[in-house]
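# Examination of the molecular architecture
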Amino acid sequence: MPVLKNISRLYTCRDEGLQKEVFPVENATLAWIGDTIVWSGKERDLPAEYLNESSMDAEGGVVVPGFIDCHTHLAFGGWRADEFEMRLKGKSYLEIAKEGGGILSTVKATRQATEEELFAKCLRFLEKIKQSGVTSIECKSGYGLTVNDELKTLRVYKRLKEVSEYNIKTTFLGAHSFPPEYRGKHRAYIDLIINEMLPKVAKENLADFCDVFVEESAFNLSEAREILEAGKTFGLIPKLHADQLSTGGGAELAAEVGAISADHLEHVSDAGIRKMAEAGVVAVNLPLASLYTQQPFLNCRPLIDAGIPVAIATDFNPGSAPSYDIHLAMLLSCMHGRLTPDECLKAVTINAAKAIGIDKDHGSLESGKKADFLVLHIPDFNFWIYHYNGSKITAIVLKGKRIHP
Ligand code: NIG
Ligand code: FE
């Protein structure tokens, strides 16, 4: 059984108290057996039975739970760097989408890619993402939009789960956009999702969640409700892309259907915030999407004040957020989302775990949880965010095994 000693501060991140309460323990020790934590607390209180166990030296570093990126669109064909430049020259995200770019341009490239190509590309991403301290990740489909291409994407994720050490959760997002061949035939596409995609996704056990992009340019409230309710009958828990580009009642719908999270929320209404708080929906802040689309950032304060757990994720995708830098997402959450560094830490650990339903095993450093943690050589977590990209992670342990460096 390994024991990690000489920790200057261990951030427990227990699921208790306010967003800012991260429950630090000074001069701490962490012990685990196999992949599971058996003890965490002050070094001087370490039970005698663990004293002579093999030890790992944190060398005075800070220890935090492994980061959880609870919203990504990891598998996609091609890139959209051309659109990045178009946006810089003044075209908006929606204008580009209306001209056939945007999500649909990635749909085209994803349909052309083989399962093997997507799998190899995702493996390369995961290798890089690992170095940023992310130990759990959520991955969405949504760039296939045919039965076969949605299944192809989700099978890529299933294979990733089999070969990588990561904790991976998957989301079916067949309702990301109406595909071009269903223009003007929305009813028929919704029927395809409900009658063909969902049963096949469920039969192969390919997804944990069902997500819908609720937006004027995508799915309306009643379409989203119908799809999410149908997903529930197949055991898929609802999630939503809500109120990203306009106020559209997405947050209210998330509360109504019992969604585990509502993501984006840049234009959430006061009523939406109230309803999410009552229903216990986690809010996922995705500031990289605001950065890249030059849209307003979500001010997280009213959500925190309402008692909603706020998570942060990258939204990694080729269009609105072509970066998997969770550290940058935290920095932006401080600068524009008005979170404090400790609030960010809770947002990428226990609250992100809640957003993807893995909080029983992940997201905090307590006895019984998985030994997923990072050692950082910094004075405290504030310094980590402040000295952006300067402070290095000195060790990453996933399920009790050191995976980096
Ligand atoms: O989360 N909002 C919709 N979906 C993605 C963007 C996808 C894309 O632009 O390719 C998002 O931002
Ligand atoms: Fe997204």
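In this text the structure is predicted, and so the values were computed from the model without any measurement. (Residues numbered from 1 in each chain as written. Chains lettered and ligands numbered in written order. Predicted model: local features only at pLDDT ≥ 70, side-chain atom pairs only at ≥ 80, totals over all residues. Heavy atoms only, no water.)

### Thoughts on the nonpolar core
The biggest cluster of nonpolar side chains holds 106 residues, and the ones touching the most others in it are Phe67, Leu74, Phe172, Phe219, Met330 and Phe381. With eight residues, the top contributor of residues to this core is helix α6 (residues 186-203). Looking at which domains feed residues into this core, each of domain 1 (3-65 + 364-404) and domain 2 (67-355) supplies at least three. What phenylalanine 172 contacts, discounting residues up to four positions off in sequence, is Ser141, Glu150, Leu154, Ile193, Met197, Leu198, Val201, Ala207, Phe209, Cys210, Asp211 and Leu236. Core analysis: the next-biggest nonpolar cluster, separate from the first, contains 17 residues, Ile7, Met56, Val63 and Phe373 among them. (Core = buried A, V, L, I, M, F, W, Y, C linked by side-chain atoms within 4.5 Å. Buried < 20%, exposed > 50% of the residue type's maximum accessible area, 1.4 Å probe, protein only. Helix = DSSP H or I, 4+ residues; strand = E, 2+ residues; numbered from the N terminus. Domains from an automatic or database assignment. Contact = heavy atoms within 4.5 Å.)

### Thoughts on the site of ligand 1
Taken together, 15 residues sit near ligand 1, with Tyr93, Tyr143, His176, Gln244 and Ser320 positioned nearest. One nitrogen or oxygen atom from the side chain of tyrosine 143 is found 2.6 Å from an oxygen atom belonging to ligand 1. A distance of 2.9 Å separates an oxygen atom of ligand 1 from a polar side-chain atom of aspartate 315. Bound to the protein, ligand 1 loses 100% of the 320 Å² it would expose on its own. Looking at the shell around ligand 1 residue by residue, the class counts come to four nonpolar, nine polar and two charged. (Near = heavy atom within 4 Å. Polar contact = N/O pair within 3.5 Å; in protein donor to acceptor, adjacent residues only side chain to side chain. Areas by Shrake-Rupley, 256 points an atom, 1.4 Å probe, with all protein chains shown as cover. Nonpolar A, V, L, I, M, F, W, Y, C, P; charged D, E, K, R; others polar.)

### A closer look at the environment of glycine 90
Considering the arrangement of structural elements, one finds glycine 90 in the loop between α1 (81-88) and α2 (93-98). A C-alpha to C-alpha distance of 36 Å links glycine 90 and isoleucine 260, two positions 170 residues apart in sequence.

### A look at the packing of aromatic side chains
Counted according to the given criterion, the structure contains 19 aromatic pairs. On the numbers, 5.1 Å between centres and 80 degrees between planes, the contact of phenylalanine 76 with tryptophan 79 is edge-to-face. Judged by relative accessible area, which is 48%, tryptophan 79 ranks as partly exposed. The interplanar angle of 55 degrees and the centroid separation of 5.3 Å between the aromatic rings of tyrosine 182 and tyrosine 189 together place this pair among those described as tilted. With a relative accessible area of 19%, tyrosine 182 lands in the buried category. In this structure, arginine 159 is placed above the aromatic ring of phenylalanine 119, and the distance from its NZ or CZ to the ring centre is 4.0 Å. (Phe/Tyr/Trp six-rings, centres within 6.5 Å; stacked < 30°, edge-to-face > 60°. Lys NZ or Arg CZ within 6 Å of the ring centre and 35° of its normal.)

### Focus on helix α5 (residues 147-163)
With 17 residues, α5 extends 25 Å between its outermost C-alpha atoms, agreeing within 8% with the 24 Å of an ideal straight helix rising 1.5 Å per residue. Buried residues of α5: Val147, Asp149, Glu150, Leu151, Lys152, Thr153, Leu154, Val156, Tyr157 and Leu160, and no others. For α5, the secondary structure elements touched by its buried residues are α3 (103-112), α4 (115-131), β7 (134-140), β8 (167-175) and α6. (Expected span 1.5 Å × (residues − 1).)

### Some thoughts on the domain arrangement of the chain
By a widespread convention, an interface's size corresponds to the accessible area lost as its parts come together. Per the domain assignment, the segments of the chain are domain 1 (3-65 + 364-404) and domain 2 (67-355). Domain 1 and domain 2 are separated by 30 Å when their C-alpha centres are compared. Tallying the contact residues gives 31 residues for domain 1 and 31 residues for domain 2. Buried surface at the junction of domain 1 and domain 2, summed over both partners, amounts to about 2600 Å²; 65% is from carbon and sulfur atoms. (Buried area = accessible area lost by both parts, 1.4 Å probe.)

### Details of the sheet that holds β8
Read across the sheet, eight strands follow the order β6-β7-β8-β9-β10-β11-β12-β13 without closing on themselves; strand pairing throughout is parallel. The two strands at the open ends of the sheet, each matched to only one other strand, are β6 (67-69) and β13 (310-312). Ignoring which end each strand starts from, the neighbouring axes of this sheet average 25 degrees apart. Note that strand β9 (residues 209-213) and strand β10 (residues 237-242) share five bridges and pair parallel. Looking across to β10, one finds that phenylalanine 213 is bridged to histidine 241. Taken strand by strand, helix α7 (residues 221-233) contacts β8, β9 and β10, and its axis lies near 175 degrees from that of β9. (Pairing = 2+ DSSP bridges. Axes fitted to C-alpha atoms, helices over the stretch in contact; angles between N-to-C directions.)

### Some details on the coordination of the iron ion (ligand 2)
Bound to the iron ion (ligand 2) are the protein donor atoms His71 (NE2), His73 (NE2), His241 (NE2) and Asp315 (OD), situated 2.1 to 2.2 Å from the metal. Each donor residue of the iron ion (ligand 2) lies on the same chain, and together they follow the pattern H-x1-H-x167-H-x73-D. (Donors = N, O, S within 2.8 Å, 3.2 Å for Na, K, Ca; no water.)

### Some thoughts on the environment of lysine 130
Mapped onto the fold, lysine 130 is located in helix α4. Distance in space between the C-alpha atoms of lysine 130 and isoleucine 396 is 8.5 Å, their sequence separation being 266 residues.

### Considering the pattern of salt bridges
One pass over the full model with this rule turns up 24 salt bridges. Its salt-bridge partner being glutamate 99, residue lysine 91 comes within 3.3 Å of it at the nearest N-O pair. The exposure class of lysine 91 is partly exposed, given its relative accessible area of 32%. On the basis of relative accessibility, which here comes to 52%, the residue glutamate 99 falls in the exposed class. Between glutamate 127 and lysine 130 there is a salt bridge whose closest N-O contact spans 3.5 Å. With glutamate 127 and lysine 130 both in helix α4 and three residues apart, the pair spans about one turn of that helix. Take glutamate 127: its relative accessible area is 41%, and that puts it in the partly exposed class. A residue is classified by how much of its surface remains accessible, and lysine 130, at 9% relative accessible area, is buried. Sharing partners across several salt bridges, the network here consists of Glu115, Glu116 and Arg159. (Salt bridge = Lys/Arg side-chain N within 4 Å of Asp/Glu carboxyl O.)

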